[in-house]
Amino acid sequence: MTASEPTDPRAEAAQGRVALWLDPEDLRWLARHCCCAEDAPEETRDRCGRLRFRASTALHKAHRGALPG
């Protein structure tokens, strides 16, 4: 596993984002879990998909897929 570099909250804020650190198990859950209702609008489903994708990417980047899941 490569050393992870902490997120700089000021750099994230400059890009309009919020720095957030989550436990890997919470990220795994977020990456796999969608709680959109069957009749959820497309905008909601798109947002959920983006969040799940980013959670999965963060896990992969931080651990290079080495964590069992």
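Model, not experiment: these values are computed from the prediction.

Observations concerning the overall build of the protein chain
1) Next: Along the backbone of the protein chain there are three helices and zero strands.
2) Next: Moving toward the C terminus, one meets the helices and strands of the protein chain in the order α-α-α.
3) Next: Within the protein chain, the fraction of its 69 residues that count as buried is 13%.
4) Next: Contacts in the protein chain between residues at least 24 apart in sequence constitute 47% of all its contacts with a sequence separation of at least 6.
5) Next: With an accessible surface of roughly 5900 Å², the protein chain has 55% of that area assigned to carbon and sulfur atoms.

Points about the side chain of Glu 12
1) Next: Looking at the secondary structure, you find Glu 12 in helix α1 (residues 9-14).
2) Next: Judged by its relative accessible area of 17%, Glu 12 is buried.
3) Next: Apart from residues lying up to four places away in sequence, Glu 12 is in contact with Thr 7, Arg 17, Val 18 and Ala 19.

Digging into the environment of Arg 52
1) Next: On the secondary structure map, Arg 52 appears in helix α3 (residues 42-63).
2) Next: Take Arg 52: its relative accessible area is 26%, and that puts it in the partly exposed class.
3) Next: If sequence neighbours within four positions are ignored, Arg 52 has contacts with Leu 30, Ala 31, Arg 32, His 33 and Cys 34.

Some words on the pattern of salt bridges
1) Next: A complete count under the given rule lists three salt bridges for this structure.
2) Next: With a closest N to O distance of 2.4 Å, Arg 28 and Glu 25 form a salt bridge. Of the two residues, Arg 28 and Glu 25 are both situated in helix α2 (residues 24-32); the distance of three residues between them amounts to about one turn of the helix.
3) Next: Here Arg 28 falls in the buried class, since its relative accessible area comes to 9%.

Remarks on α3
1) Next: When the terminal C-alpha atoms of α3 are compared, their 31 Å separation across 22 residues agrees well with the 32 Å that a helix rising 1.5 Å per residue should span.
2) Next: Of all the positions in α3, only Cys 48, Ala 55, Leu 59 and His 63 are classed as buried. The buried residues of α3 occupy an angular sector of 35° when the element is viewed end-on, so they sit on one face. Along α3, the residues that are exposed and aim more than 90 degrees away from the buried face are Glu 42, Glu 43, Arg 47, Phe 53, Arg 54, His 60 and Lys 61.
3) Next: Buried-residue contacts for α3 involve α2.

Rules of the game
- Residues numbered from 1 in each chain as written.
- Predicted model: local features only at pLDDT ≥ 70, side-chain atom pairs only at ≥ 80, totals over all residues.
- Heavy atoms only, no water.
- Helix = DSSP H or I, 4+ residues; strand = E, 2+ residues; numbered from the N terminus.
- Buried < 20%, exposed > 50% of the residue type's maximum accessible area, 1.4 Å probe, protein only.
- Contact = heavy atoms within 4.5 Å.
- Areas by Shrake-Rupley, 256 points an atom, 1.4 Å probe, with all protein chains shown as cover.
- Salt bridge = Lys/Arg side-chain N within 4 Å of Asp/Glu carboxyl O.
- Expected span 1.5 Å × (residues − 1).
- Arc of directions from axis to C-beta.

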